[in-house]
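# What the coordinates show
Residue strings, one per chain:
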Amino acid sequence: MGYGLRPLELQDVPQVAEIEKEAFPTLWPPTPFRRDLHNRLARYLVAWEVPGSQAQNPAPALSTLASPFWRRLFRNERAGFREPAAQTPPQHLVGYEGIWFMVDEAHITAVGVRESQRGRGIGELLIIGAVEMAYLQRSRVVTLEVRVSNHVAQSLYRKYGFKEEGVRKGYYVDNNEDALIMTTSAINTPDYRESFQALLRAHEERRGSSQRILGS
Ligand SMILES: CC(C)(COP(=O)(O)OP(=O)(O)OC[C@H]1O[C@@H](n2cnc3c(N)ncnc32)[C@H](O)[C@@H]1OP(=O)(O)O)[C@@H](O)C(=O)NCCC(=O)NCCS
């Protein structure tokens with residue numbers, strides 16, 4: 001597939017802030033990602049391009065690598081010479097999501113994918129990661145708010161069993177738009193587990209397998 005998931009790290013903050021700006025241009029103030037790294041309730045996952053899967057993920061053009069040092073290093077890697085891991089260029093991030101764990105709910109606060117990378121299964125991979133994290137945290141359900149006009153995101157959430165539970169009137173301050181509250185059924189039931197496993201298999205068959213590191 002060429003994409004992986006892992007927890008947000010400090011060095012990712014500039015890239016994630018950039019993706020947030022692109023995915024949620026009217027959001028103000030921006031999410032305090034740096035501060036949230038110390039927030040015990042909040043978790044962020046980032047989606048990154050796994051190097052070497054050439055079909056969907058060409059290596060970054062040398063011209064996009066800022067300093068001559070990085071250019072030299074990247075050439076060496078292409079030639080098969082491996083520098084110590086600490087010196088490798090930062091991973092190219094393509095999406096992120098935020099999840100708050102409260103009582104028995106996993107609350108997805110945002111899912112965003114770079115515009116140029118949409119339609120490749122990354123949003124779906126992020127939802128898979130959220131549900132898997134919810135299992136790890138023993139959450140009962142996964143829930144979120146979404147703009148009533150955001151049919152693309154709603155379609156993604158419906159695919160993973162989120163159903164409309166209610167409306168928050170005027171939830172979005174930029175245009176006073178309503179939010180749909182969408183929530184899964186209990187994720188620990190055999191029914192949900194079975195349909196989630198089927199979706200996971202279908203995603204892997206269609207997009208290839210993914211590396212998913214979810215943290216604790
Ligand atoms: C919503 C978003 C995260 C989807 O990410 P994505 O990587 O493009 O989505 P995927 O390729 O994984 O598609 C997964 C599902 O989403 C839905 N979807 C994706 N693109 C769609 C489109 N253009 N039209 C309708 N449904 C679409 C489909 O249900 C799709 O499943 P399918 O491939 O079986 O049809 C992305 O469009 C985005 O970042 N949008 C801006 C930010 C946003 O609105 N976030 C959600 C609100 S919190």
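Now for a look at the structure at hand. All values derive from a computational prediction rather than experimental measurement.

Reading across from one edge, E6-E7-E5-E4-E3-E2-E1-E8 is the order of the eight strands in this open sheet, with mixed pairing throughout. Each edge of the sheet is formed by a strand with only one pairing partner; in this case those strands are strand E6 (163-172) and strand E8 (211-212). Across two bridges, strand E1 (residues 3-7) lies against E8 in parallel orientation. Opposite Leu 5, over in E8, you have Arg 212 as the bridge partner. Of the strands in this sheet, strand E2 (42-49), strand E3 (93-102) and strand E4 (105-113) touch helix H1 (residues 13-23), which is tilted by about 90 degrees from E3. Its contacts with the sheet place helix H5 (residues 151-159) against E4, strand E5 (141-147), E6 and strand E7 (177-183), and it is angled at close to 165 degrees to E5.

For the structure on display, the rule yields seven aromatic pairs. Ring centres of Tyr 157 and Phe 162 lie 5.7 Å apart, and the angle between their planes is 50 degrees; this geometry places the pair in the tilted category. Both residues of the pair, Tyr 157 and Phe 162, count as buried. In this structure an aromatic cluster arises from ring pairing among Tyr 135, Tyr 160, Tyr 192 and Phe 196.

Quick notes on the rules
- Residues numbered from 1 in each chain as written.
- Predicted model: local features only at pLDDT ≥ 70, side-chain atom pairs only at ≥ 80, totals over all residues.
- Heavy atoms only, no water.
- Pairing = 2+ DSSP bridges.
- Helix = DSSP H or I, 4+ residues; strand = E, 2+ residues; numbered from the N terminus.
- Contact = heavy atoms within 4.5 Å.
- Axes fitted to C-alpha atoms, helices over the stretch in contact; angles between N-to-C directions.
- Phe/Tyr/Trp six-rings, centres within 6.5 Å; stacked < 30°, edge-to-face > 60°.
- Buried < 20%, exposed > 50% of the residue type's maximum accessible area, 1.4 Å probe, protein only.

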